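# An overview of the molecular structure
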Amino acid sequence: MMLRTIAAAGVMMVMATAGVLAQQKGPAPSATPDWRAQPRYATANLRAGFEPDPHEVQVEAGGDREATGIGPDCAGWIDFSKPDVDLNYTAGEYPLYISVAAGVDTTLVINDAAGRWICNDDFDGVNPGIIIQRPASGNYNIWIGTFERGAPQRATLRISEVPPRR
C-alpha cells in the first residue's frame, strides 16, 4: 500500500510539473494570421469607381512568420499579429487589382471578403499582384511580405480597378 501511495505521488508530481511547464511555454502560435486585428498601416474605405486610382499605401514589408501553408501559393515572411492594410470595398462592375511595388522580392497575402486566403509571389517580376475578376463587397485583410527572411523592406501597396501595366 505504501509503495502505491509513493508511486501515485510521483505520477502526480510529474503531471503537476508538466502542467507548470506547459503554462510557462505560452500559447501555441496561430496557424493563420490574425485577420481580426487592427491593421498596422491603414484602413482603406473604397467604393467602385474610386479616385485617385490606384489607391496607394506605403508599408514596411516582411515579418517573422512564414506564410507557406496559409493558402495556395502562399510564400515569404509576414507578421501574423495584424494585417498591414484593411480594405473595406464596395464592389461595382470593375475587377479589383491588388499589387505591390518594391525594390526587393515581395509577397502578397489576402484574406478576402469570403474568408478565403489568396496569395501571390511573382506577378510582375519580383512584385506580387492579385486580380479579383468579380470582387465581393466586404473586408479584405492584406499582408505584404518579403520572400527572404530579414529586415523589413519599404514597399507600396496599390489597389486599383485598372489593369496593371506588365
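Going by the structure above, here's the rest.
Residues numbered from 1 in each chain as written. Predicted model: local features only at pLDDT ≥ 70, side-chain atom pairs only at ≥ 80, totals over all residues. Heavy atoms only, no water.

### Side note on the overall build of the protein
When helices and strands are counted, the protein shows 1 helix and 11 strands. Traced from its N-terminal end to its C-terminal end, the protein shows the element sequence α-β-β-β-β-β-β-β-β-β-β-β. Counting all 166 residues of the protein, 39% fall into the buried class. When contacts within the protein are restricted to residue pairs at least 6 apart in sequence, long-range pairs at least 24 apart make up 75% of them. Looking at the protein as shown, the accessible area adds up to about 9800 Å², and 55% of this sits on carbon and sulfur atoms. (Helix = DSSP H or I, 4+ residues; strand = E, 2+ residues; numbered from the N terminus. Buried < 20%, exposed > 50% of the residue type's maximum accessible area, 1.4 Å probe, protein only. Contact = heavy atoms within 4.5 Å. Areas by Shrake-Rupley, 256 points an atom, 1.4 Å probe, with all protein chains shown as cover.)

### A word on the state of the cysteines
Applying the stated criterion across every chain, the model contains 1 disulfide. With a sulfur-sulfur separation of 1.8 Å, Cys74 is cross-linked through a disulfide to Cys119. On the sign convention where negative means left-handed, the S-S torsion of about 55° between Cys74 and Cys119 marks this disulfide as right-handed. Here Cys74, found in the loop between β3 (65–66) and β4 (77–78), pairs with Cys119, found in strand β8 (residues 117–120); they are 45 residues apart in sequence, far enough to count as distant. For Cys119, a relative accessible area of 7% translates into the label buried. (Disulfide = S-S within 2.5 Å.)

### Quick look at the pattern of salt bridges
By the definition in use, this model includes 6 salt bridges. Note that Asp79 is salt-bridged to Arg40, the shortest N-O span being 2.0 Å. Highlighted residues: Asp79 in the loop between β4 and β5 (85–90) and Arg40 in the loop between α1 (2–25) and β1 (42–47), separated in sequence by 39 residues. Of the residues examined, Asp79 reaches a relative accessible area of 19% and is grouped as buried. Taking relative accessible area as the criterion, Arg40 reaches 34% and is therefore assigned partly exposed. Residues joined in a network through salt bridges with shared partners are Arg40, Asp79 and Asp84. (Salt bridge = Lys/Arg side-chain N within 4 Å of Asp/Glu carboxyl O.)

### Re the pairing of β8
Across a regular strand the side chains alternate sides, sitting on one face of the sheet and then on the other. Bridging between strand β7 (residues 106–111) and β8 involves 4 bridges; their strand directions are antiparallel. From the neighbouring strand, Ile110 faces β8, where its bridge partner is Ile118. Counting the residues between successive antiparallel strands, the hairpin from β7 to β8 contains 5 residues, one of them, Gly115, with a positive phi of roughly 85°. (Pairing = 2+ DSSP bridges.)

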